[in-house]
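# Commentary on secondary and tertiary structure
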Amino acid sequence: MIEIQYSAEAAAARAAGTAIVALESTIITHGMPFPQNVEVAAQVEQDIRDTGAIPATMAVIKGVLHVGLETDQLQALGQAQSVAKVSRADMPVCLAMGKTGATTVAATMIAARLAGIDVFATGGIGGVHKGAEHSFDISADLMELAQTPVTVVAAGAKAILDIPKTLEVLETQGVPVIAYGQDSIPAFWSSQSDLNAPLRMDTARDIARSHAMRQAMALPGGQLIANPIPADAEIASEVLAPVIAQAQAEADAQGVTGKAVTPFLLQRIFELTEGRSLTANIALVRNNARLAAEIAKELVKLKA
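What counts, and at which threshold
- Residues numbered from 1 in each chain as written.
- Predicted model: local features only at pLDDT ≥ 70, side-chain atom pairs only at ≥ 80, totals over all residues.
- Heavy atoms only, no water.
- Core = buried A, V, L, I, M, F, W, Y, C linked by side-chain atoms within 4.5 Å.
- Buried < 20%, exposed > 50% of the residue type's maximum accessible area, 1.4 Å probe, protein only.
- Helix = DSSP H or I, 4+ residues; strand = E, 2+ residues; numbered from the N terminus.
- Expected span 1.5 Å × (residues − 1).
- Arc of directions from axis to C-beta.
- Contact = heavy atoms within 4.5 Å.

A word on the nonpolar core. By size, the foremost hydrophobic cluster in this structure holds 90 residues, and its most contacted members are Ile117, Ile125, Trp189 and Ile295. In terms of residue count, helix α13 (residues 276-303) provides more of this core than any other element does, 12 residues in total.

Structure (structure tokens):
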């Protein structure tokens, strides 16, 4: 049996039928240092409350799936050492062995489904890594989107990835990729790219109706909402391109592989942009949380 523990806030929201937005916990344990990680996580949760929904940060703590974290749990997780980074493959092992793990996009989607939460806000999804034709390095996030019925709001795929190949895999898997309010796919730290979005929607209500229609048709999988970073917080793609190329070259030269690739690249890009990438990352996560809250509220109205 899966032991699920709801925070007091999440439990009250479930009982009242209030909109809930799922949040991942790897941003806390693997995204930035303490205390900034806890401060940002708390700010994102507050953004959701301010928009009229309730946040539920997901984490596995000593073999228990937590749906929403109390303040002391968030603080403890932010300072914990050697926390596992769990995805679909290792999440059941983490639970079964009584271990503690932070949820990735894929694991957070699974947790949201188990908790009956329809909408999840994150920064950027994983995808097809550059050079995947040789390494076969493709994130489990893409397969999760194909089978787990959760709407994921992100600023596109992380810009360190091969975005065209990522979009191709999502298309093959039947995952709707919907750009919010524009015709191009956002590129994480940059609001625009030269890639046309497969689909476009301009309101949270339309996105909620699309989610509900997929459920009514009994289609597996969720939908990816590509929400562009606010223009005043973005880093132009022409500025980032050489930085990403340098970080990737260093990763290749040092033989960085597997789960270590993404944190290595993000850290080097942070250093090479003198911190601008992290500032932009925080802005886009908060922006995604607010849109996710609006979508969750619309879904509650549709179910009423």
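Moving on from the coordinates now.
Let us now look at helix α10 (residues 204-216). An ideal rise of 1.5 Å per residue puts 18 Å on 13 residues; α10 measures up with 18 Å between its terminal C-alpha atoms. Within the span of α10, buried status applies to Ala204, Ile207, Ala208, Ser210, His211 and Arg214. The buried residues of α10 all sit within an arc of 155° when viewed along its axis, so they share a single face. Packed against the buried residues of α10 are β8 (151-154), β9 (177-180), β10 (199-201), β11 (223-226) and α13. Within two residues after α10, Ala218 carries a phi angle of roughly 60°, on the positive side.

The next subject is unusual backbone geometry. Here Phe34 and Pro35 are connected by a cis peptide whose omega angle stands at 5°. Note on placement: Pro35 falls in the loop between α2 (26-29) and α3 (36-50). Even without being glycine, Ser82 reaches a positive phi, approximately 55°. Within the secondary structure layout, Ser82 lies in the loop between α4 (71-79) and β5 (84-86). Given the relative accessible area of 77%, Ser82 is considered exposed. Although it is not a glycine, Glu274 adopts a positive phi angle of roughly 55°. One can find Glu274 in the loop between α12 (261-272) and α13. On the basis of relative accessible area, Glu274 is assigned to the exposed category, the value being 73%.

Just distances and angles here, no functional claims.
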